[in-house]
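As a plain string of letters, each chain reads:
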Amino acid sequence: MKKRILVADDDRAVVKVLRDRLIHWGYEVDTAFDGEETMHKVGSFRPDLLLLDIKMPRMSGMRVLEESRRQQRGVSIL
């Protein structure tokens, strides 16, 4: 089974580059563009790894970090 990676950043160009590379390397990838969307996808997509921007609209990356650690204990966050 492919490892799941969630890429969260409000810079759509950064998200596209990361998404394209990770898919090319064989990962299953989903994306989010603000903190609230990221939290929703942490629960629904259940990633193995979360690539997280710290400054995002609607919820800071730091708050997403805290909440996602409570919600999904096994996720690695970079």
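Right above here is the structure, for reference.
First, a word on what this report is: a plain description of the structure on this page. All figures in this text were calculated on a predicted structure; none of them were measured in a lab.

**Section: the packing of helix H2 (residues 35-45) against helix H3 (residues 61-71)**
- The N-to-C vectors of H2 and H3 enclose an angle of 15°; their axes lie 10 Å apart at closest approach. By the criterion of interaxial angle, the relationship of H2 to H3 is roughly parallel. The interaxial crossing formed by H2 with H3 has right-handed handedness. For the pair formed by H2 and H3, the contact residues are Gly35, Thr38, Met39, Val42 and Gly43 on the first element and Val64, Glu67, Ser68 and Gln71 on the second.

**Some remarks on the pairing of strand S3 (residues 49-52)**
- In S3, alternate side chains face the same way, and those of Leu49 and Leu51 on one face and Leu50 and Leu52 on the other are all buried.
- Two strands pair when backbone bridges link them, and strand S1 (residues 4-8) and S3 are joined in this way by 4 bridges, in the parallel orientation. If you follow Ile5 over to S3, its bridge partner there is Leu49.

**A closer look at the packing of aromatic side chains**
- Applying the stated criterion across every chain yields a total of 0 aromatic pairs.
- Stacked on the ring of Phe45, the Lys or Arg Arg4 has its end atom at 4.9 Å from the ring centre.
- Here the basic side chain of Arg12 rests over the ring of Phe33, its NZ or CZ set 3.8 Å away from the ring centre.

Reading guide: rules and limits
Residues numbered from 1 in each chain as written. Predicted model: local features only at pLDDT ≥ 70, side-chain atom pairs only at ≥ 80, totals over all residues. Heavy atoms only, no water. Axes fitted to C-alpha atoms, helices over the stretch in contact; angles between N-to-C directions. Helix = DSSP H or I, 4+ residues; strand = E, 2+ residues; numbered from the N terminus. Parallel < 35°, antiparallel > 145°, perpendicular 65-115°, else oblique. Left-handed = near helix turned anticlockwise from the far one by under 90°. Contact = heavy atoms within 4.5 Å. Buried < 20%, exposed > 50% of the residue type's maximum accessible area, 1.4 Å probe, protein only. Pairing = 2+ DSSP bridges. Phe/Tyr/Trp six-rings, centres within 6.5 Å; stacked < 30°, edge-to-face > 60°. Lys NZ or Arg CZ within 6 Å of the ring centre and 35° of its normal.

All quantities given are derived from atomic positions and should not be read as evidence of function.
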